[in-house]
Amino acid sequence: MLLANLPATRHYYHAFLETSIQIHMQSPEGSVDWLFPHGMTIEKLINDILMVFFFFTVGLEIKREVAHGELSSVKKALLPVIAAFGGVIMPAVFYTLVNRGTIAASGWGIPTATDIAFAVCILSVLGDRVPVSLKVFLTALAIADDLIAILVVALFYGGQINLTLLGMSVMVIFVAWLLKDLGQKHIWVYLMLAVVVWVLFYYSGIHATMSGVVMAFIIPSKARYERPYVLHKIKFFTQKLMAFDQIDDETMFPNGPQRHFLRRIHKTAYGSLDMSYRVEHALSPWVNFVIMPIFALANAGVEIPDLSYFNIFNTAGVTGGVGLGIFLGLVLGKPLGITLFSFAAIKSRLCEMPEKAGWAMFFAVACLGGIGFTMSIFVDTLSFQDAAAIEEMRNAGKIAILVGSLAAGALGSFLITLFSKSPRSGE
């Protein structure tokens, strides 16, 4: 925000983000003149290409939780999924009530997402004040929430659909799925197909970042070596390693034969990890510490002509009720939706209350669901396509996201601290 508003940096900040990036191809006769990608700028490069890796890791995380984690069974997944739907529907209702019938109505998806990183971070800082069962619940809810947010972006925030290109992308995805079933375990094959899917999505009208989610679900989750083989081989190579161990302190460790067996142990251990896990483990630091800060740097640079921009309760300006709708959606809609839908599911005996948790603490934790930073800003960049004051509305939305997320985090932290000291908080 400082870069976007200080006189010394404002011009350079916006000029850099608006710099065009093109691959220009032309035949010697000049008959073919092809630009790729069309309309690409540094800002779009960040939002349409770098964010593919973010959605790819989100997809891998969702797939892992569905296969082995907190969403792996109906009993485990039902309450977080129901709560996640409540946490999407209620914020959208709050936003729509404020902006119905206006050009701002299309921004209803902005306050529907929970930022799992910030929410879990606050829970970690609060320590044992929150029951472990509620920490697990919020994590599972945020993952389910991400999946719903991905569907919202794919269904409601793409462009005009080109059915031919969409059909071609489906064929490429089918080929990738077939290769997975046939046992293909070379990552470069899936990377090549992922690039093709991205290009087809980019020009078909579906947001290109969705290609990352699709390919995440295709990456093989089966390890090269099975458990008995891994345990047997590691035990065998460890025995060989020990057999060449020398008591003499002057002997180099590892010596030649030991290096050989250490390499074999490493190869066996590496083969016990499936490709999905290896790729997620390799990408996570880059996504968390490089791509996400770059995304925030490029998209949170809101131009603030005057301090009235921070008055999110003002609905009379050119941005209408964008700020108020987002703020109410995050701070009120999220916790109410999560709590009310969960209450209905538990009282109808469809689900069970998380262990050692009461409704007061449950609501306090649900308030943290209103932290919508990353996904909310991403949806904001896709909203208000047909609005005349599109940049002003998006800027107002980003400020409301920052203020609303901060308020939701502060409210949730305060209530958790308050209820954790109360002897009746479990009731």
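Residues numbered from 1 in each chain as written. Predicted model: local features only at pLDDT ≥ 70, side-chain atom pairs only at ≥ 80, totals over all residues. Heavy atoms only, no water.

Peer 1: Any chance you could break down the overall build of the protein chain for me, citing the residues and the numbers?
Peer 2: If you tally the helices and strands in the protein chain, you get 16 helices and two strands. In terms of principal-axis extent, the alpha carbons of the protein chain reach across some 80 × 80 × 45 Å. Scored against the burial criterion, the 427 residues of the protein chain give a buried share of 47%. Across the protein chain, contacts joining residues at least 24 apart in sequence account for 77% of those joining residues at least 6 apart. Accessible area for the protein chain stands at about 22,100 Å²; split by element, carbon and sulfur atoms hold 67% of it. The average position of the 30 basic charges and that of the 29 acidic charges among the side chains of the protein chain differ by 11 Å. (Helix = DSSP H or I, 4+ residues; strand = E, 2+ residues; numbered from the N terminus. Buried < 20%, exposed > 50% of the residue type's maximum accessible area, 1.4 Å probe, protein only. Contact = heavy atoms within 4.5 Å. Areas by Shrake-Rupley, 256 points an atom, 1.4 Å probe, with all protein chains shown as cover. Lys, Arg positive; Asp, Glu negative; His and termini not counted. Charge placed at Lys NZ, Arg CZ, Asp CG, Glu CD.)

Peer 1: Requested: an account of the packing of aromatic side chains, with residues and values cited.
Peer 2: What characterises a pair of aromatic rings is the spacing of the ring centres plus the angle enclosed by the ring planes. Inspection of the entire model under this criterion finds 14 aromatic pairs. Both rings, one in Phe-118 and one in Phe-373, keep their centres 5.5 Å apart while their planes meet at 80°; by these two values the pair is edge-to-face. With Phe-118 in helix 5 (residues 116-126) and Phe-373 in helix 15 (residues 373-382), this pair connects stretches of sequence that are 255 residues apart. For Phe-118, a relative accessible area of 41% gives the class partly exposed. Here the aromatic rings of Phe-236 and Phe-237 are separated by 5.5 Å at their centres, their planes lie at 65°, and the arrangement is edge-to-face. (Phe/Tyr/Trp six-rings, centres within 6.5 Å; stacked < 30°, edge-to-face > 60°.)

Peer 1: Quick one: what's the story with the packing of helix 6 (residues 132-156) against helix 14 (residues 359-367), residue by residue and with numbers?
Peer 2: As a packed pair, helix 6 and helix 14 sit with axes 11 Å apart at the nearest point and diverge in direction by 35°. The element helix 6 and its partner helix 14 pack so that their crossing is right-handed. Residue-level contacts link Leu-134, Phe-137 and Leu-138 of helix 6 to Met-361, Phe-362 and Val-365 of helix 14. Among the residues making up the contact of helix 6 with helix 14, the classes are represented as six nonpolar, no polar and no charged. (Axes fitted to C-alpha atoms, helices over the stretch in contact; angles between N-to-C directions. Left-handed = near helix turned anticlockwise from the far one by under 90°. Nonpolar A, V, L, I, M, F, W, Y, C, P; charged D, E, K, R; others polar.)

Peer 1: How would you sum up the nonpolar core? Please name residues and give values.
Peer 2: Phe-55 and Ile-416 are the most contacted members of the largest nonpolar core, which totals 100 residues. With 13 residues, the single largest contributor to this core is helix 6. Ranked by size, the runner-up nonpolar core spans five residues in total, among them Met-40, Val-52, Trp-198 and Ala-208. (Core = buried A, V, L, I, M, F, W, Y, C linked by side-chain atoms within 4.5 Å.)

Peer 1: Summarise the packing of helix 3 (residues 42-68) against helix 12 (residues 275-299); cite the residues concerned and give the values.
Peer 2: Look at helix 3 against helix 12: their axes get within 9 Å of each other, and the N-to-C directions meet at 140°. In this view, helix 3 runs oblique relative to helix 12, as classed from their interaxial angle. Seen from above, helix 3 lies across helix 12 with left-handed handedness. Looking at side-chain class alone, the contact of helix 3 with helix 12 contains 15 nonpolar, four polar and five charged residues. (Parallel < 35°, antiparallel > 145°, perpendicular 65-115°, else oblique.)

Peer 1: Please provide a residue-by-residue account of helix 2 (residues 10-17), values included.
Peer 2: Of the residues making up helix 2, those classed as buried are Tyr-13, His-14 and Leu-17. End-on, the buried residues of helix 2 take up no more than an arc of 85°, which puts them together on one face. The exposed set on the far side of helix 2, more than 90 degrees from its buried face, consists of His-11, Tyr-12 and Phe-16. The secondary structure elements touched by the buried residues of helix 2 are helix 1 (2-5), helix 3 and helix 12. (Arc of directions from axis to C-beta.)

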